[in-house]
Amino acid sequence: MRKKSDAPLRIGTVKNYRHLWMLVFWVLYLVLYVVVEHEVQSDYYVMHCALDDVVPFCEWFIFPYCLWHPLLFAMTLYLAFWDAENFKPYMLFIALGFIPVILFDWAFPNGQELRPAVFAHQNIATWLVGRIYAADTNTNVFPSMHVIGSAALVAATIYTPSLRKRKLHLIAIPVGILICISTVFVKQHSCLDLFGALPYSALIWWLVYGVIFKKRKNTAQS
């Protein structure tokens, strides 16, 4: 006889998908990203600090760097269809983390000039770095959205019971840290972009999980 815990995941009725309207945050961000990437191509403030000259270029960090997009997509998909309650704070984290930042980059154009002109080695990693450089401009880098998105992923694994129960937060935390530092090793970001994103991510974390949804949880329990 099948145990209750072994039952397959079931997708709910239509009324259970009302939370999916929050996916508009992703659409809004992507539209703004395309517009700002097109608008900001020159005449930007160069992000640079002394630490950037110390951190070496290492092409192998491109692999954790590239984990960011599929992990964000996978978390969005999982929470959207299997955990609506934790989908809401996750999406609010994304909205407050990405949309104000891309608007800031539009108002205050910034970029970095750290990319190597020539790769010292030719391998699969440098080939992938070259593809990333070609697809993504060196502008709109402060603060790093890779760092903010990584914080959103870590927070979701910590506060989602089904993920925490599987100890996925113990994997998400080191992976998130690795993604963050990869941004400076593949020269996609200045260290200033990373340091600027950390306190901003902490602020959003506190606002979403420590204020907005904490109040909602307490109200529901009352």
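It should be emphasised that the depicted structure is a prediction, and the values quoted were computed from it without experimental measurement.

Asker: Whenever I open this one, the side chain of aspartate 105 confuses me. Can you help?
Answerer: Take aspartate 105: it is sitting in helix H5 (residues 84-107). One buried charged residue, aspartate 105, forms no salt bridge at all, with the nearest opposite charge on arginine 115 at 13 Å. One polar contact links aspartate 105 to asparagine 110, side chain to side chain, over a distance of 2.9 Å. Apart from the residues lying within four places of it in its own chain, the contact partners of aspartate 105 are Val36, Val40, Asn110, Asn140, Val141, Phe142 and Met145.

Asker: Can you walk me through the confidence of the model for the protein in this structure?
Answerer: Interpretation of this model should avoid reading the predicted coordinates in detail wherever pLDDT is low. Put simply, the protein has an average pLDDT of 91, and 90% of its residues get 70 or more. Here residues 1-10 scores under 50 on pLDDT; set against residues more than four positions off or in separate chains, the count is three contacts.

Asker: Please clarify how the packing of aromatic side chains should be interpreted in this entry.
Answerer: What characterises a pair of aromatic rings is the spacing of the ring centres plus the angle enclosed by the ring planes. All told, the structure shown has 18 aromatic pairs when counted by the stated rule. Look at tryptophan 26 and phenylalanine 98: their rings are 5.7 Å apart centre to centre, the planes differ by 75°, and that puts the pair in the edge-to-face class. Of this pair, tryptophan 26 sits in helix H1 (residues 24-39) while phenylalanine 98 sits in helix H5, placing them 72 residues apart in sequence. Each member of the pair, tryptophan 26 together with phenylalanine 98, is buried. Between tryptophan 60 and phenylalanine 63 the ring centres are 6.1 Å apart and the planes differ by 20°, which places this aromatic pair in the stacked class. Judged by its relative accessible area of 45%, tryptophan 60 is partly exposed. Members of the aromatic cluster, connected to one another through ring pairs, are Trp26, Tyr29, Tyr33, Trp68 and Phe98.

Cut-offs applied
- Residues numbered from 1 in each chain as written.
- Predicted model: local features only at pLDDT ≥ 70, side-chain atom pairs only at ≥ 80, totals over all residues.
- Heavy atoms only, no water.
- Helix = DSSP H or I, 4+ residues; strand = E, 2+ residues; numbered from the N terminus.
- Buried < 20%, exposed > 50% of the residue type's maximum accessible area, 1.4 Å probe, protein only.
- Lys, Arg positive; Asp, Glu negative; His and termini not counted.
- Salt bridge = Lys/Arg side-chain N within 4 Å of Asp/Glu carboxyl O.
- Polar contact = N/O pair within 3.5 Å; in protein donor to acceptor, adjacent residues only side chain to side chain.
- Contact = heavy atoms within 4.5 Å.
- pLDDT = per-residue confidence, 0-100.
- Phe/Tyr/Trp six-rings, centres within 6.5 Å; stacked < 30°, edge-to-face > 60°.

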